Amino acid sequence: MFHYEDTLTAGYGLNNKAAALELVKTAPSVIRDFIDRGMNFDKNPDGSLSFGKEAAHKLARVIHAGGDRTGLKVMEQLYVNMADRAELHENEPVIDIIMNGGEAAGVLTRTADGKYHSYFAPYIVLAAGGIGNLYPGTSNDHTITGDSAALGYRCGAELKNMEFVQFHPTLLTFGGKNYGLITEAVRGDGGILINEKGKKIMEGVHPLKDLAPRDVVSRAVYKHTLAGEKIYLDISEISDFKTRFPYVSEICETNGLDLSKNLIPVAPGAHFHMGGVKAKPTGETTVKGLYAVGEAACTGVHGANRLASNSLLEGLVFGRLTADNIISSNRELKPCEYEFPTLEPKRPFPEKGKIKRIMMDCVGIIRTKEKMKKAIEFFEGYMPDERDFGRINPLSVTDGELEIYNMLTTGWLIAKAAYNRKESFGAHYIGEE
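Residues numbered from 1 in each chain as written. Predicted model: local features only at pLDDT ≥ 70, side-chain atom pairs only at ≥ 80, totals over all residues. Heavy atoms only, no water.

1. Some thoughts on the overall build of the protein
Of regular secondary structure, the protein possesses 12 helices and 15 strands. A compact globule built from 433 residues should have a C-alpha radius of gyration of about 22 Å, and the protein, at 22 Å, falls within 12% of that. If you line up the protein on its principal axes, its C-alpha atoms span 65 × 50 × 40 Å. Put simply, of all contacts in the protein between residues at least 6 apart along the chain, 70% involve residues at least 24 apart. Per element, the accessible surface of the protein, about 19800 Å² overall, is 51% carbon and sulfur. Between the mean site of the 51 positive side-chain charges and the mean site of the 56 negative ones, the protein shows a separation of 4 Å. (Helix = DSSP H or I, 4+ residues; strand = E, 2+ residues; numbered from the N terminus. Rg over C-alpha atoms; globule rule 2.2 N^0.38 Å. Contact = heavy atoms within 4.5 Å. Areas by Shrake-Rupley, 256 points an atom, 1.4 Å probe, with all protein chains shown as cover. Lys, Arg positive; Asp, Glu negative; His and termini not counted. Charge placed at Lys NZ, Arg CZ, Asp CG, Glu CD.)

If you want it as structure tokens, here you go:
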């Protein structure tokens, strides 16, 4: 049960223990089934699975695919497994959850040419990821702007642990811009964080040094960068780096970094949201008919700080449990008319960059009471009725403006939750004023 213990330790004991136990107990069978369905994970020369070690893990237990392309390979396999079993509609963002008597009944979408579509279903699943692009530097795709949390909030779903935002300590960063994630497996294979003088910055900070929990490593890197230092990941002790980490090598070389020097410039960036729409491991939220999975959901399994690689595992395991739950349920479809809200947004909208700067400065890696209060006041200045971020008339906003409205909504929810938690806990760290 080391996996269970490591999950709770990384989460500072704030985890939903039953959910964490469900995750680690169910994971082996789900992974074996995934392999049986065609998934190829990296193997040793003898054909056995290759296990790597990542931050806060006592043992080498993390399996990868394509070296450092595990997420991509898993998604590719899921698409193959899903072929001919689902109808996909792309580039058609969800504008609102359709409600009927307090229950979820469908979704309203808008196509690129401005047409609105209503899709009705007995089960609506939020799976639009986390909140990474609320911050200026992130490992997330540019589309990840807190939409699931905002949609869930506006239809009355309970949210949980919104204050806990995990920053990954090693994003390839130079010239004030980040270019992609340098996976933790690099440090698991011997990569060391150093400053410009070659000093190992994690010495004396934590017993696990460079493989300490992510919040600890991110704060250490961040403090050095605030002091004007440049931080590098020294990869000189890793043999066959390009073979072992093809994706990292590709993003480094594509952006003009000479790997022969064995130094990768890094800085922290928003990586994973432990909070989200409150959900059970089987997907149910507090709104009947509405489900949430993956980073959109908060099952409590991660507590105050996620254990490395538990995110992809959570998506696979709890996604499977949610699917099984829906398949065995018999909720009736209740179509209804969608009534367009009349509430108009408050203009002008702020630029995305301004939201990102407020989030990083006030609700970032190191927070203070005054700065969190400043963030709340900033967001509340954009409330359409000066009381809440409620449903607005989708006819009155473009897709880009609605995305900003979702960012404002979710940023406000994070800032409020952070301000209300008075003690430092995991990824919610309160520094000196």
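Here the narrative resumes, following the displayed structure.
2. Some words on unusual backbone geometry
A cis geometry characterises the amide bond from Arg347 onward to Pro348, with omega recorded as 0°. Of note, Pro348 is situated in the loop between helix H9 (310–327) and helix H10 (352–362). Even without a glycine there, the phi angle at Asn91 is positive, about 55°. Within the secondary structure, Asn91 is located in the loop between helix H3 (70–82) and strand E3 (94–100). For Asn161, which is not glycine, the phi torsion reads 55° and is therefore positive. Structurally, Asn161 can be placed in the loop between strand E7 (159–160) and strand E8 (165–174).

3. Things to note about the sheet that holds E8
Whether parallel or antiparallel, the strands of a sheet pair through hydrogen bonds between backbone atoms. Here we have five strands laid out as an open sheet, ordered E9-E8-E12-E11-E10, and antiparallel in their pairing. What marks the edges here is a single partner per strand, and that holds for strand E9 (177–181) and strand E10 (192–195). On average, adjacent strands in this sheet sit at an angle of 55° to one another, irrespective of strand direction. Of the strand pairs in this sheet, E8 and strand E12 (residues 263–273) are connected by six bridges, and their pairing is antiparallel. When the sheet's bridge partners are listed, Gln166 is paired in E12 with Phe272. (Pairing = 2+ DSSP bridges. Axes fitted to C-alpha atoms, helices over the stretch in contact; angles between N-to-C directions.)

4. A few points about the packing of aromatic side chains
All chains considered together, the criterion is met by 11 aromatic pairs. Taken together, a centroid distance of 5.6 Å and an interplanar angle of 90° make the contact between Tyr116 and Phe340 edge-to-face. With Tyr116 in strand E5 (residues 116–120) and Phe340 in the loop between H9 and H10, this pair connects stretches of sequence that are 224 residues apart. The partly exposed category is assigned to Tyr116, whose relative accessible area is 24%. (Phe/Tyr/Trp six-rings, centres within 6.5 Å; stacked < 30°, edge-to-face > 60°. Buried < 20%, exposed > 50% of the residue type's maximum accessible area, 1.4 Å probe, protein only.)

5. Description of the pairing of E3
Here E3 runs beside strand E4 (residues 103–110); their pairing, made up of six bridges, is antiparallel. When the sheet's bridge partners are listed, Ile97 is paired in E4 with Val107. Counting the residues that bridge the hairpin from E3 to E4 gives two residues, and of these Gly101 lies at a positive phi of roughly 60°.

6. Looking at the packing of helix H4 (residues 147–154) against helix H12 (residues 399–420)
Look at H4 against H12: their axes get within 8 Å of each other, and the N-to-C directions meet at 80°. Considered as vectors, H4 and H12 are oriented roughly perpendicular to each other. Only Leu402, Tyr405, Asn406, Thr409, Thr410, Trp412 and Leu413 of H12 make contact with H4, whose side of the interface consists of Asp147, Ala149, Ala150, Tyr153 and Arg154. Partitioning the contact of H4 with H12 into residue classes produces seven nonpolar, three polar and two charged. (Parallel < 35°, antiparallel > 145°, perpendicular 65-115°, else oblique. Nonpolar A, V, L, I, M, F, W, Y, C, P; charged D, E, K, R; others polar.)

7. Topic: the sheet that holds strand E15 (residues 297–298)
What the three strands build is an open sheet, ordered E7-E13-E15; its pairing is mixed. Edge strands, defined here as strands with exactly one partner in the open sheet, are E7 and E15.

8. A short note on the environment of Val317
Structurally, Val317 is set in helix H9. Since its relative accessible area comes to 1%, Val317 is described here as buried. If we ignore the near neighbours within four places in the chain, the residues touching Val317 are Leu23, Thr26, Ala27 and Val30.

As far as function goes, none of this settles anything; it's purely spatial.
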